[in-house]
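# Structural characterization, general
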Amino acid sequence: MTSVSVSPHGLLYSGETVTLQCDISDYTDWTYWWYRNKQLLSPGSPSKTITTLSDQVSQYQCQGRRTDRPQSSQRSVSLHISVTGNQLNVTLSSDQKDILTGDSVTLICTVESSGWRFYWYRHRQDSEPVATTSGSSYTLSQVSVSDGGQYRC
């Protein structure tokens, strides 16, 4: 069985980077072939990173090929990716300007609409989030020097 998944999932906006993951449950030593709208892209690894384009609607599939028998896997079911338009304006702010060791600080992520889940990143957005909240704020209690750095939401 061959399947494709996408991360992150949910609404996609123009310019976002997403990673497609191909999973083939049988055998090993596959070379992964990627298809967009049934057109072969290129052989590669089990994961493929793409940057979305405005108003893009695409179907992605993967398939494994190898030298031993069986020589190919089934092609995966199509994964539908639809880009909803330009990204929303997002503003990250803090409830404090000067922060000292031992203080608490709340980061606030302001978005133009409601109903969002917020992922909080430290240093790099391609790393794992340090927290996930349903509200637009994230509080760091009793901060220390090691909490310093650049945060993103």
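Use the structure listed above.
Everything in this summary refers to the structure shown in the same document. These figures come from a predicted structure and were not determined experimentally.

Attention shifts here to the overall build of the protein chain. Tallying secondary structure elements over the protein chain gives zero helices and 13 strands in all. Along the chain direction, N to C, the helices and strands of the protein chain fall in the order β-β-β-β-β-β-β-β-β-β-β-β-β. In terms of principal-axis extent, the alpha carbons of the protein chain reach across some 65 × 35 × 20 Å. In the protein chain, which comprises 153 residues, the proportion classed as buried is 29%. In the protein chain, the proportion of contacts linking residues at least 24 apart, taken out of those at least 6 apart, comes to 54%. Looking at the protein chain as shown, the accessible area adds up to about 9,900 Å², and 46% of this sits on carbon and sulfur atoms.

Moving on to the packing of aromatic side chains. Under the criterion given, the structure shown has two aromatic pairs. Grouped by ring-pair contacts, the aromatic residues F118, W120 and Y138 constitute a single cluster. Across the ring face of W33, the terminal group of R65 is positioned such that the distance to the ring centre comes to 4.2 Å. Seen from the ring of Y35, R75 lies directly overhead, with NZ or CZ sitting 3.6 Å from the centre.

Time to look at the nonpolar core. Among the nonpolar cores identified, the biggest contains 15 residues, and L20, W34 and I81 are the most heavily contacted of them. The set of elements that each furnish at least two residues to this core consists of β1 (2-7), β2 (17-24), β3 (31-36), β6 (57-65) and β7 (79-82). Ignoring sequence-local partners within four residues, the contact set of L20 consists of V4, S5, V6, W34, P46, S47, K48, I50, Y60, L79 and I81. Within the second largest apolar cluster, eleven residues are counted, among which are F118, A131, Y138 and V143.

Basis of the calculations
- Residues numbered from 1 in each chain as written.
- Predicted model: local features only at pLDDT ≥ 70, side-chain atom pairs only at ≥ 80, totals over all residues.
- Heavy atoms only, no water.
- Helix = DSSP H or I, 4+ residues; strand = E, 2+ residues; numbered from the N terminus.
- Buried < 20%, exposed > 50% of the residue type's maximum accessible area, 1.4 Å probe, protein only.
- Contact = heavy atoms within 4.5 Å.
- Areas by Shrake-Rupley, 256 points an atom, 1.4 Å probe, with all protein chains shown as cover.
- Phe/Tyr/Trp six-rings, centres within 6.5 Å; stacked < 30°, edge-to-face > 60°.
- Lys NZ or Arg CZ within 6 Å of the ring centre and 35° of its normal.
- Core = buried A, V, L, I, M, F, W, Y, C linked by side-chain atoms within 4.5 Å.

In short, shape yes, function no, at least from these values alone.
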